[in-house]
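One-letter residues, chain by chain:
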Amino acid sequence: MLSTHLQSLQQTIHSALVCQDPDLYRLAGARMERLLDYLGQLPAPLAGEVHAKIDQMLPFEWPLWMESCRFEGSSPSVRAAAVLH
């Protein structure tokens, strides 16, 4: 199950790097959340190892992807206000 979560996240990240599609950024974020939820069920030493693998897997652009997804679904005026501040 762990390898499935990791592989799924890795494939989505690769696709997002190639296509640069906001929908793929959201999908990668959702898969990361599921993986982190799963890690909460694992023993601490194993979870630490997996966290290290995840850190190596994440692209440099990851924070920007997650920021672009943050305001998804909000009104344009809220989005503009957030950008201006």
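Relevant structure appears above.
Below, the structure is looked at part by part. Here the structure is a predicted model, which is why all the values come from computation and not from measurement.

### Some words on the overall build of the chain
Counting its regular elements, the chain contains five helices and zero strands. Start at the N end of the chain and walk to the C end: the helices and strands fall as α-α-α-α-α. Within the chain, the fraction of its 85 residues that count as buried is 28%. Within the chain, residue pairs in contact and separated by at least 24 positions form 64% of the contacts whose partners lie at least 6 positions apart.

### So, the side chain of His5
Of note, His5 is situated in helix α1 (residues 2-19). His5 sits in the buried class, given a relative accessible area of 17%.

### Focus on helix α3 (residues 44-57)
Helix length check: α3, at 14 residues, gives a terminal C-alpha distance of 20 Å against a target of 20 Å (1.5 Å per residue), a fit within 8%. Every buried residue of α3 is listed here: Ala47, Val50, Ile54 and Met57. Along the axis of α3, the buried residues cluster in a sector spanning 75°; they form a single face. The exposed set on the far side of α3, more than 90 degrees from its buried face, consists of Ala44, Pro45, Glu49, Asp55 and Gln56. Buried residues along α3 sit against α1 and α2 (22-39).

### Concerning unusual backbone geometry
One non-glycine residue, Gln20, lies in the positive phi region at around 50°. The topology assignment puts Gln20 in the loop between α1 and α2. The class of Gln20 is exposed, set by a relative accessible area of 58%.

### Digging into the nonpolar core
One recurring pattern in soluble globular proteins is that nonpolar side chains are buried together. Grouped together as the largest cluster of nonpolar side chains are 20 residues, with contacts concentrated most on Leu2, Leu6, Leu9, Ile54 and Trp62. Looking at this core, the elements with two or more residues in it are α1, α2, α3 and α4 (62-70). With seven residues, α2 is the largest single contributor of residues to this core. In contact with Leu9, other than residues within four places in its own chain, are Ala28, Arg31, Met32, Leu35, Met57 and Trp62.

The rules behind each value
Counting restarts for each chain: residues are numbered from 1 in the order of the written sequence. With the structure being a predicted model, the display of local features is reserved for residues of pLDDT at least 70 and the display and counting of side-chain atom pairs for 80 or more, all residues being used for whole-chain, interface and lining totals. Note: side-chain values were computed over all heavy atoms of the structure, leaving out hydrogens and water. Here a helix means four or more residues in a row that DSSP labels H or I, a strand means two or more in a row labelled E, and each is numbered from the N terminus. We call a residue buried when its accessible area falls under 20% of the maximum for its residue type, exposed when it is over 50%, and partly exposed in between, using a 1.4 Å probe and counting protein chains only. Any two residues having at least one pair of non-hydrogen atoms within 4.5 Å are treated as being in contact. Here the expected span of a helix is defined as 1.5 Å times the quantity of residues minus one. The directions from the helix axis to the C-beta atoms form the arc being described. In these notes, a set of buried Ala, Val, Leu, Ile, Met, Phe, Trp, Tyr and Cys residues joined through side-chain atoms within 4.5 Å is what counts as a nonpolar core.

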